[in-house]
2 protein chains.
Amino acid sequence: MNYYAGIDLGGSSAKIGVIDENGKIIAKKKTDIDRMRDFHLIADKISDSLKSLLVDTAKEIKAIGIGTPGFINKQTGMHEGGSANLPMLPGNNIVGEFKDKFRLPVYADNDATCATAGEHIFGAGRNFTDFILLTLGTGIGGGLVLDGKLYTGKIGFAGEIGHMSLDPDGPLCNCGNRGCFEQYSSGPAMVKSYREKLKKRNVAPPDDLAENNARLVLEKAAQGDSLAMDVVFTAAGKLAQAIGSLINILNIEACLIGGGISRAGDLLLKPVRSMLPDFVWPPLIKNFVLQIASLQNDAGIIGAAAIAKISLQS
Amino acid sequence: MNYYAGIDLGGSSAKIGVIDENGKIIAKKKTDIDRMRDFHLIADKISDSLKSLLVDTAKEIKAIGIGTPGFINKQTGMHEGGSANLPMLPGNNIVGEFKDKFRLPVYADNDATCATAGEHIFGAGRNFTDFILLTLGTGIGGGLVLDGKLYTGKIGFAGEIGHMSLDPDGPLCNCGNRGCFEQYSSGPAMVKSYREKLKKRNVAPPDDLAENNARLVLEKAAQGDSLAMDVVFTAAGKLAQAIGSLINILNIEACLIGGGISRAGDLLLKPVRSMLPDFVWPPLIKNFVLQIASLQNDAGIIGAAAIAKISLQS
């Protein structure tokens, strides 16, 4: 049996795991990296955690995979920005740093690309040769498997599906574009829209309606709250528009939905499925599958390890 | 030297050519198929033309490639619709028909996919591993080369880029969607918009402003006609929105523009280039190339032969 390490770098912590070749987590650990300003210190802390995991499990690993927010140049291994929650990453060679520490093959990629790799070889993606994964959370990330292989683009930046412009006169996005997909169907977008509707009606928002608590809006919608349902339907309509265009462009057979918002399940997917034909050339929608991604809580670690396994074999 | 046949099935005629392995046309012929209602009769006529070409040139071919409008299922060889100008095609096995007549490998694909294959191995696409071709004409077609290979999707229907929805409240398309890309930037869309603007001003349209004469609108724009310039800028803005989303999704390095409207050259491409940053995540636009496709008049024949060459080698 071969083993791989997966490191999932998030906004406040890093999750580190040792995974076997079937995608099973042998051991895992979480390391707090909040407020650390120097990438080298973070890398040291993560390395120590991984080393102790390897001692505990007595496993030798073949390679290390790392998932981070933002852009990693696959030609150079450099982080090139797009990680607002981890502002110390850009300008660092993520791959080089860990290679030096472990003398092993190291691969790094965007977290949504890692999640796609995980679904591809260990999850629901095993059933499909051509699919996309959309991760719906604070933003909208994405990844592509085409012709049975992970596709990452010329320098590894493919999958910025959250920044498809669905309406050139739509709301301004923090990327500078207008009407980006994630301005409609991400968690904060849904919360913002719900808050605006309540305010217009002079209703105080629930105390626990924080920017990242889209789950509350989804719960309200499930309970039949008309305003919350309207928010969910609007988000679903934009999901249908984006996924419809992706089907027209790529003739994919499936779209998997991951990320925190995917926990809404059919509450979100059912309206998307009914609106999808509005945006797809009829022959392309035949047999199309829209479903929830299968790796949930540990998608980050498993996906990072999947990148390592796939890269080592190719 | 190896040789291939390329057959380009158009609305009123079929163009047939013998092409060498470097993409050079050795001989070509045009066969009128107007008003023929039976695909078998058309196939007979084309076969006779190809056979006489092969006798004339004294060349043996390795394989035959066929490009047609609409959808060809790559798993079955069947034409599955989407060819309004050639209504006799759907329901026929395009591949099987010619295989029976020639006892040679036969491959068939959508005409825009063929054009993409042509650019990929014989044209401007040779410089890129990840690019799209957009053919701007009566409709908008497209094709993709990803990771250095032609990508056609699960059953061969990829590249319906003209039916990306750029505005869910936009004009109704004949595919049933709203706000499809080709409702803004195709030839007929430009002509329609120019006509509407003239009518609003009680100006009679030029006599030669037929539905398919977008070139006239482009000429007027080049001469400084403000209304025509407005039409061209609107089409360019939608081109920028569509191409921008494609860059975000696929991290492609180039987009080639083909089809009749591409003859407008920089008149169209210059505004697209300046509007593109409105729709792209900044790190993804670095080094991006937007240029006119290099195979012009014979793109159809050469592209069909390219499909044959690529398919035989894979």
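Residues numbered from 1 in each chain as written. Chains lettered and ligands numbered in written order. Predicted model: local features only at pLDDT ≥ 70, side-chain atom pairs only at ≥ 80, totals over all residues. Heavy atoms only, no water.

1. Some thoughts on the overall build of chain A
Along the backbone of chain A there are ten helices and ten strands. Its C-alpha radius of gyration of 20 Å places chain A within 12% of the 20 Å reference for a compact globule of 314 residues. Long-range pairs, those at least 24 residues apart, make up 62% of the contacts in chain A between residues at least 6 apart in sequence. With the model as given, the accessible surface of chain A reaches about 12700 Å², and the carbon-plus-sulfur share is 47%. Each charge class in chain A was averaged separately, 33 positive and 33 negative side chains, and the resulting centres sit 1 Å apart. (Helix = DSSP H or I, 4+ residues; strand = E, 2+ residues; numbered from the N terminus. Rg over C-alpha atoms; globule rule 2.2 N^0.38 Å. Contact = heavy atoms within 4.5 Å. Areas by Shrake-Rupley, 256 points an atom, 1.4 Å probe, with all protein chains shown as cover. Lys, Arg positive; Asp, Glu negative; His and termini not counted. Charge placed at Lys NZ, Arg CZ, Asp CG, Glu CD.)

2. Thoughts on empty space enclosed by the protein
Residues and elements named next belong to chain A. By the definition in use, this model includes one cavity of 30 Å³ or more. Here the largest cavity defines a volume of roughly 30 Å³. Lining the largest cavity we find Gly-70, Phe-71, Asn-110, Gly-156, Phe-157, Ala-158 and Glu-160. The residue inventory of the lining of the largest cavity, partitioned by class, reads three nonpolar, three polar and one charged. (1 Å grid on protein atoms, 1.4 Å probe; cavity = no way out; pocket = protein on both sides within 12 Å on 5 of 7 lines; lining within 4 Å. Points joined across faces, edges and corners; volume = space filled by probe spheres on them. Nonpolar A, V, L, I, M, F, W, Y, C, P; charged D, E, K, R; others polar.)

3. Looking at the interface of chain B and chain A
The partner chain A presents 48 residues to the 48 residues of chain B that form the contact. Summed over both sides, the interface between chain B and chain A buries roughly 3700 Å², with carbon and sulfur atoms accounting for 56% of that surface. Counting every contact that joins chain B to chain A gives two salt bridges. The closest approach of N and O atoms between Glu-253 of chain A and Lys-154 of chain B, which form a salt bridge, is 3.5 Å. Our count for the contact surface shared by chain B and chain A stands at 29 residue pairs in polar contact (both at pLDDT 80 or more). Looking at the side of chain B that touches chain A, the elements that each hand over two or more residues are β7 (140-146), β8 (149-151), α7 (226-250) and α9 (282-285) of chain B. Considering each element in turn, the side of chain B that touches chain A owes the most residues, seven residues, to α7 of chain B. (Buried area = accessible area lost by both parts, 1.4 Å probe. Salt bridge = Lys/Arg side-chain N within 4 Å of Asp/Glu carboxyl O. Polar contact = N/O pair within 3.5 Å; in protein donor to acceptor, adjacent residues only side chain to side chain.)

4. Section: the confidence of the model for chain A
Looking at chain A as a whole, its pLDDT mean stands at 94, while 100% of the residues score no less than 70. Interface confidence for the predicted complex, expressed as ipTM, amounts to 0.91; the pTM equals 0.94. (pLDDT = per-residue confidence, 0-100.)

5. Focus on the relation of the copies chain B and chain A
With an RMSD of 0.0 Å, chain B superimposes on chain A once it is rotated by 180° and translated 0.0 Å along the axis. Classification of the inter-copy transformation places it as that of a two-fold axis. Residue by residue, 100% of the interface of chain B is reproduced at the interface of chain A, so both copies engage with the same surface. (Least-squares fit on C-alpha atoms with pLDDT ≥ 70 in both.)

6. Re unusual backbone geometry
All names here are of chain A. Positive phi values are uncommon outside glycine, yet Asn-251 reaches one of about 45°. You can call Asn-251 buried: its relative accessible area is 4%. Look at Asn-287: it is not a glycine, yet its phi comes out positive at around 70°. Mapped onto the secondary structure, Asn-287 falls in the loop between α9 (282-285) and β10 (289-292). Judged by its relative accessible area of 71%, Asn-287 falls in the exposed class. (Buried < 20%, exposed > 50% of the residue type's maximum accessible area, 1.4 Å probe, protein only.)

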